[in-house]
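A look at the structure
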Amino acid sequence: MMNIIRPVFSEENSPSAVKVAYIYNIAKFTRWPATTWKDANAPFILCSYGEDIVSKELIILENKKIDEHSIKVVNVKKDQDFQYCHALYISTDDSRLYRYLLSQIDQQKVLTITDESPFFDSGGLVNLVRKNKRLRFQISNQQLSDTKLILSSKLLKLSILVD
């Protein structure tokens, strides 16, 4: 994955820029059910919840592509905004919100990504973690088996599989 990330981002970039690159590449190597988009030109909605630097830097992904779908970045403010998300990055240290946030999305079709272990433990799909001074990502086998998402075998080989 680092070879894929390196042209735009490198380890010398800020930690938040590297996380944005991981979020993009994880989404790029995920397949959604064919019924996800109403038409071939529909945008890929990358939602974020929270106010950390990663949430703010996700805007650099605006108009990049996931398959043939241009990315539209949305910082979710209202409950009804959750219904449009294809991927959701959650940045909050308020563990009381985790179950609520998960209840607002269709967990079978939304790729959830965080860098907060308690959220991951509460039902998130992907968790960005630091291991040996490098950014890695965990994938919950249990959560993945409950979704209609397909993660590429290359992505799974690079991940730390949990449960």
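Heads up: the structure comes first, above all this text.
As a starting point, this report considers the structure included with it. Note that the structure is a prediction, hence the values are computed from the model and not measured.

**A look at the pattern of salt bridges**
What the rule picks out here adds up to three salt bridges. Here R31 makes a salt bridge to D67, at a shortest N to O gap of 3.4 Å. Here R31, found in strand β1 (residues 30–31), pairs with D67, found in the loop between β3 (65–66) and β4 (69–75); they are 36 residues apart in sequence, far enough to count as distant. Owing to a relative accessible area of 37%, R31 belongs among the partly exposed residues under this scheme. Notably, a salt bridge pairs K77 with E51, separated by 3.0 Å at the nearest N-O pair. Residue K77 is located in the loop between β4 and β5 (87–90), and its partner E51 is located in the loop between β2 (44–49) and α3 (53–57); the two are separated by 26 residues in the primary sequence. Among the residues examined, K77 registers a relative accessible area of 58% and is labelled exposed.

**Concerning the sheet that holds β3**
Taken together, the eight strands give an open sheet; going across it, the order is β3-β4-β2-β5-β6-β7-β8-β10, and neighbouring strands pair in mixed fashion. Looking at which strands have only one partner, the edges of the open sheet turn out to be β3 and β10 (160–162). Where β5 lies against strand β6 (residues 111–114), four bridges are found, and the strand directions are parallel. When the sheet's bridge partners are listed, I90 is paired in β6 with T114. Together, β2, β3, β4, β5, β6, β7 (126–131) and β8 (134–140) form the strand contacts of helix α2 (residues 15–28), whose direction differs from that of β7 by roughly 140°.

**Describing the state of the cysteines**
Throughout the structure, instances matching the rule amount to one disulfide. Note that C47 is cross-linked by a disulfide to C85, the S-S spacing being 2.1 Å. Its S-S torsion of approximately -100° makes the covalent link between C47 and C85 left-handed. With C47 in strand β2 and C85 in the loop between β4 and β5, this pair connects stretches of sequence that are 38 residues apart. By the burial criterion, C47 is buried, and C85 matches it.

**With respect to the nonpolar core**
In this structure, F44, L46 and L111 are the most contacted members of the largest nonpolar core, which totals 32 residues. Of all the secondary-structure elements, those providing two or more residues to this core are α2, β2, β4, β5, β6, β7 and β8. With seven residues, the top contributor of residues to this core is α2. Setting aside its immediate chain neighbours within four residues, L111 contacts I26, A27, T30, W32, H86, A87, L88, L125, V126 and L149.

**Points about the packing of aromatic side chains**
Throughout the structure, instances matching the rule amount to four aromatic pairs. Seen from their ring centres, Y22 and F137 are 6.1 Å apart, and the 70° between their planes marks the pair as edge-to-face. Residue Y22 is located in helix α2, and its partner F137 is located in strand β8; the two are separated by 115 residues in the primary sequence. The exposure classification of Y22 matches that of F137, with both residues buried. Judged by centre distance (5.1 Å) and plane angle (80°), the rings of W32 and F44 are edge-to-face. Of the two residues, W32 is situated in the loop between β1 and β2 and F44 in strand β2; the sequence distance between them amounts to 12 residues. Across the pair, F44 and W32 agree in class, each one buried.

Reading guide: rules and limits
Along each chain, the written sequence defines residue order, and numbers are assigned to residues from 1. With the structure being a predicted model, the display of local features is reserved for residues of pLDDT at least 70 and the display and counting of side-chain atom pairs for 80 or more, all residues being used for whole-chain, interface and lining totals. The side-chain quantities take in all heavy atoms of the structure and omit both hydrogens and water. Salt bridges are identified by distance alone: a Lys or Arg side-chain nitrogen within 4 Å of an Asp or Glu carboxyl oxygen. Counting from the N terminus, the helices are DSSP H or I runs at least four residues long and the strands are E runs at least two residues long. We call a residue buried when its accessible area falls under 20% of the maximum for its residue type, exposed when it is over 50%, and partly exposed in between, using a 1.4 Å probe and counting protein chains only. Paired strands are those between which DSSP finds at least two bridges. Working rule for contacts: check all heavy atoms of both residues, and any pair within 4.5 Å makes them a contact. To obtain an axis, a line is fitted to C-alpha atoms, over the contacting stretch when the element is a helix, and the angle between two such axes runs from 0 to 180 degrees between their N-to-C directions. To count as a disulfide, a pair of cysteine sulfur atoms needs to be within 2.5 Å. Definition used in this section: a nonpolar core is a set of buried Ala, Val, Leu, Ile, Met, Phe, Trp, Tyr and Cys residues joined via side-chain atoms within 4.5 Å. Each Phe, Tyr or Trp ring, with Trp reduced to its six-membered ring, pairs with another whose centre is within 6.5 Å; inter-plane angles below 30 degrees give stacked pairs, above 60 give edge-to-face pairs, and intermediate values give tilted ones.

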